[in-house]
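# A look at the structure
Read off the chains here:
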Amino acid sequence: MDPMNRGPEEYGRDGTEDGMRDGTDAAARTGRPPRDPLTPDFGQPAPALARTVQLVSGDFLLTVNPVDGSEIEPCPPGEQPERPAKRTAAERAELRRASLPPVPPGPALPRLPLLERQEERERLARLLARGRSVRLTGPAGSGRTALLDAVADDCADLAPDGVVRLSGYRRTPGELLHDLFAAVHDAPLYRPDRAQLLDLVRDIGAVVVLDDLEFGGAGLDELLDATPECAFLIATTPDVAAPSADCHLEEVFLGGLGRGGGLELLERAVGRVLDDEEANWAGDLWFESEGLPLRFVQAGALLRQRDQLRADPHVFEEHGYFAETPVDAGTDDVPEIPLPSLADGAAPAALLAARLSPSARATLKFAVALGGELPHQAHLPALVGDTHADAALAELVSCALVTPVGAHYRLAAGVRAQLEAAGYADEAAEHALAAAQHYAWWAGHPSVTPERVAAEADAVHAALGALVATQAGAAVLLARTAAPAFAGGLDWGAWERALRSGQEAARNAGEVAEEAYFHHELGILALCGGQLDRARAELEASIGLRGALADKRGMISGRRALALVADRSGGAQPGGRTAAGEEVPDARYEESASPPGGIPAAFALPQPPPEPDTLVTSKVTPAVGAGPAPSRRSIISGTRRNLVAAGAGALLAAVLGTVVTLGATSDNNDPPGDKVTTEQSAKEDRDDDGLTADKPRQDATSGGDTPGDGGAAGTSDDPKPSGSGKPSATPSGSGKPSGTPSDKPSDKPTDKPTKPSDKPTKPSDKPTDPPTTPPTTPPSTPPSTPPSTPPATDDPPTSPDQSDSASGSGGTTPGT
């Protein structure tokens, strides 16, 4: 579908048949007269389609969308441009002519000669021929631009890439590098990233003539280091920062003209020889202006106006010059027109402007309202309201009230302050608003290319700056319309300034939707520049504002860009956020986490929480009297972990079965001396093939072998002794069954516990429940682990009905 024709061509519904555009309408085909428009008097134009521009920035494919916000994605392999080729000499010359300021209409103005600059001109040409870079410093109005033009003509054939003319007016080092790249390489709709840019400009060999540079120091070092094959001729004013100490620049200072040179320039400007009175006046002016050429050119304009008044006293009446003090028309004598005063010669802007046409004076008012920026002559008829207002540029140039800066004009040095003192800034707010409304309409027109909007960037920014605080709504409209054009015209410095001004204006005006748009565009710009943190912050702010407004399309565009930021950042975003700004849920795994102590080598099973102590193992400890008994934790620390890690039912059943064969050596009512508590240790006595045990502490409590609910033996929660007279199922320490009564049974039970033995029997390694029926005969073989021999005691032995098991209380060890 043709963007300029909004009907479906394939079906012939746009007034043509089969997509033909030969002017044939529906009336010629149907025989019926065409319908009149429903609203002929409203004058509402048909809505134009949004102008989108698709370009390549680094390895991104950027689509500048002025409606919902620009869209960015990785550039597909087939659309990535090749290395740009350099322009030919003819192409560079054509580009140079296109970048010159517009020529004023009317007869060509005479070109003034370059006086008293021959020595500086030759010196600059010699330094550039040697490959040296030069910094030319001179005050405003000293003729730096004219000298640069002459030196550029002398150095046209020095470098392989010729002479490149650039303007440093309100430009940063990065913007100048992009301007240099665009002047030498033919790369439409392509903007390289930082690495690609440095690689491309490193191979440029040209004489770069840079006028009106506004920075020095580290910025100048960056510019020179990035272009080692270029020789720079830089023109600045004395108020600009000086180069760094390590910067290899030749310094050349440009002063004013001598008295003779000033008089000659004044005569060239007037077009005749000066009389004695005018020569004396010119001498005083030279002393007052320090010989600046600009002052002599403006003084020449004053003398020309004086000559016109002397020739025709009514010459300026139509301009309103004699409105308050009319001249007597009946006098035939030539009126005496005095010379301008010395003050008027030093500050001639107000007097010169008073003798200009109304269109020229109105143009000066717009220039004062825009901070000194003069709109292009094509805009003057619409701004001033006069169809011939474009001729005002010729008047201003002939009077030297404006000077060329880059591709446009601005007020000359000191002119703005002089006009403001004369009252030209009284209606500055109204003129700035009118200029902003005009530029907003013009920048959004489909017939205006982005390059034309970018050429008018300085005037647009001046209007934005004047209205951000006072007329925020108009500033938002202008920034909203001009910013996409700056992006499409590859003037990204102007794009960023417009976005920031528009964001501030939208915040002042309370327009949340527009503020979200500016945040989104700033995020896209930061992403193209590799500033990922700034891009993330701007995009998140845009998504939040658009989420509050339920702008679904805008949120989708922002989330796509934010996902690209996260991808370039190398993973998830800070704070556990996703590309869309949501919180990242906790990670879930099907497998269990590793235990703090690690996985045992024999078993790769996950470790459950700690279990109660259920088993006491044999550990080699010092003999009796060798030292204090080890702690309970040191005895069972290794056994508990290994037993729990085994975790197999079959192994546990085998362990329990072994405990049954070894048997429990005492019941719950055994004396404390006949038991091994958890606070005791046991070791094997290798001398007598028995076991010895350390004496328990005097304050230790005794209890049964069967642990209670707490899982530890000898505590208060252990079960009470049953008191039944059932014999034990395990053999006693004497080799006889525990159920056999002793030789001298006692008639009554012993209430007081017996004295603890020195060597209690070895506890079983693996306890288990006793069998339900005791054995009828003693085992034919002694136990696998012989019990130890207890010392003699004076207490009578316990009777069978008072003890279920007497393991080692009164028996003797075989072989003793």
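Here we summarise the structure given alongside this text.

Bringing the overall build of the protein chain into the picture now. The helix and strand inventory of the protein chain stands at 26 helices and 15 strands. Counting the 816 residues in the protein chain, one finds 41% classified as buried. Look at the contacts in the protein chain between residues 6 or more apart in sequence, and 70% of them connect residues 24 or more apart.

Looking now at the side chain of aspartate 212. Its place among the elements puts aspartate 212 in the loop between β9 (207-211) and α7 (218-226). Every residue in contact with aspartate 212, bar those within four places of it in the chain, is listed here: Arg144, Gly168, Tyr169, Ala235 and Val405.

Two measures describe an aromatic ring pair: the distance that separates the ring centres and the angle between the ring planes. Tallied over the full model, the rule gives four aromatic pairs. Relative to tyrosine 190, the ring of phenylalanine 181 lies with its centre 6.4 Å away and its plane at 70°, an arrangement referred to as edge-to-face. Take phenylalanine 181: its relative accessible area is 3%, and that puts it in the buried class. On the numbers, 6.1 Å between centres and 65° between planes, the contact of tyrosine 439 with tryptophan 442 is edge-to-face. With tyrosine 439 and tryptophan 442 both in helix α17 (residues 428-443), this residue pair falls three residues apart, about one helical turn. There is no split in this pair, since tyrosine 439 and tryptophan 442 are both buried.

Quick look at empty space enclosed by the protein now. Applying the stated criterion across every chain yields a total of three cavities of 30 Å³ or more. Considered as a void within the structure, the second largest cavity measures approximately 40 Å³ in volume. Forming the walls of the second largest cavity are Pro102, Leu374, Pro375, His376, Gln377, Leu393, His408 and Tyr409. Looking at the lining of the second largest cavity residue by residue, the class counts come to five nonpolar, three polar and no charged.

Now for the environment of alanine 469. Topologically, alanine 469 is positioned in the loop between α19 (457-467) and α20 (472-488). Separated by 40 residues in sequence, alanine 469 and alanine 509 have C-alpha atoms that sit 9.3 Å apart.

Residue placement: histidine 520 occurs in helix α22 (residues 512-528). Owing to a relative accessible area of 0%, histidine 520 belongs among the buried residues under this scheme.

With that settled, consider the sheet that holds strand β11 (residues 250-253). Spatial ordering of the open sheet is given by β6-β9-β10-β5-β11, a layout of five strands whose pairing is parallel. The sheet is open, and its two edges are formed by β6 (163-167) and β11, each paired on a single side. Each strand of the sheet is rotated relative to its neighbour by a mean of 15°, with strand direction disregarded. Of the strand pairs in this sheet, β9 and strand β10 (residues 231-236) are connected by four bridges, and their pairing is parallel. Residue pairing in the sheet places valine 209 in a bridge with leucine 233 of β10.

Once that is clear, we can look at helix α24 (residues 552-569). End to end, α24 covers 25 Å across 18 residues, agreeing with the expected 26 Å (1.5 Å per residue, within 8%). Tucked inside the fold, the buried residues of α24 contact β2 (60-64), β3 (71-74), α22 and α23 (532-548). The N-terminus of α24 is capped by aspartate 551, whose side-chain oxygen sits 3.2 Å from the backbone nitrogen of glycine 554. One or two steps after α24, the chain reaches glycine 570, where phi turns positive at roughly 95°.

Time to look at the pairing of β2. Note on strand geometry: in a regular strand, side chains alternate between the two faces of the sheet. Among the five residues of β2, five are classified as buried, and the element is accordingly described as predominantly covered. Alternating positions in β2 separate into two faces, Phe60, Leu62 and Val64 on one and Leu61 and Thr63 on the other, with burial throughout. Of the pairings in the sheet, the one linking strand β1 (residues 53-57) to β2 comprises five bridges and is antiparallel in character. The residue of β2 that forms the bridge with leucine 55 is leucine 62. Turn length for the β1-β2 hairpin, with the two strands adjacent in sequence and antiparallel, is two residues, and the turn residue glycine 58 shows positive phi of about 65°. When β2 meets β3, the two strands line up antiparallel, connected through four bridges. Bridging across to β3, phenylalanine 60 finds its partner in proline 74. Counted along the chain from β2 to the antiparallel partner β3, the turn is six residues long, and its residue glycine 69 has a positive phi close to 115°.

Per the stated rule, a full pass over the model turns up 30 salt bridges. Here arginine 97 makes a salt bridge to glutamate 94, at a shortest N to O gap of 2.6 Å. Here the residue arginine 97 and the residue glutamate 94 both occupy positions in helix α2 (residues 89-98), the gap between them amounting to three residues, near one helical turn. Accessibility expressed as a relative area gives 46% for glutamate 94, which makes it partly exposed. The residue arginine 135 makes a salt bridge to glutamate 251 at a minimum N-O spacing of 3.4 Å. With arginine 135 in strand β5 (residues 134-137) and glutamate 251 in strand β11, this residue pair connects regions lying 116 residues apart in the sequence. Salt bridges sharing partners connect three or more residues here, namely Arg171, Glu175, Asp179, Asp491 and Arg497.

In this structure, Leu62, Ile72, Leu478, Phe486, Trp492 and Trp495 are the most contacted members of the largest nonpolar core, which totals 60 residues. In this view, leucine 62 contacts Val53, Gln54, Leu55, Ser70, Glu71, Ile72, Trp492, Trp495, Ile524 and Cys528; residues no more than four positions away in its chain are not counted. Core analysis: the next-biggest nonpolar cluster, separate from the first, contains 40 residues, Ala301, Leu352, Leu374 and Leu393 among them.

Time to look at α7. Listed in full, the buried residues belonging to α7 are Gly219, Leu220, Asp221, Leu223, Leu224 and Ala226. In this structure, the buried side of α7 is in contact with α5 (173-184), α6 (194-201), β9 and β10.

Taken together, the four strands give an open sheet; going across it, the order is β3-β2-β1-β8, and neighbouring strands pair in mixed fashion. Each of the sheet's edge strands pairs with one partner strand only, and the pair in question is β3 and β8 (190-191).

Each value, and the rule that gives it
- Residues numbered from 1 in each chain as written.
- Predicted model: local features only at pLDDT ≥ 70, side-chain atom pairs only at ≥ 80, totals over all residues.
- Heavy atoms only, no water.
- Helix = DSSP H or I, 4+ residues; strand = E, 2+ residues; numbered from the N terminus.
- Buried < 20%, exposed > 50% of the residue type's maximum accessible area, 1.4 Å probe, protein only.
- Contact = heavy atoms within 4.5 Å.
- Phe/Tyr/Trp six-rings, centres within 6.5 Å; stacked < 30°, edge-to-face > 60°.
- 1 Å grid on protein atoms, 1.4 Å probe; cavity = no way out; pocket = protein on both sides within 12 Å on 5 of 7 lines; lining within 4 Å.
- Points joined across faces, edges and corners; volume = space filled by probe spheres on them.
- Nonpolar A, V, L, I, M, F, W, Y, C, P; charged D, E, K, R; others polar.
- Pairing = 2+ DSSP bridges.
- Axes fitted to C-alpha atoms, helices over the stretch in contact; angles between N-to-C directions.
- Expected span 1.5 Å × (residues − 1).
- Polar contact = N/O pair within 3.5 Å; in protein donor to acceptor, adjacent residues only side chain to side chain.
- Salt bridge = Lys/Arg side-chain N within 4 Å of Asp/Glu carboxyl O.
- Core = buried A, V, L, I, M, F, W, Y, C linked by side-chain atoms within 4.5 Å.

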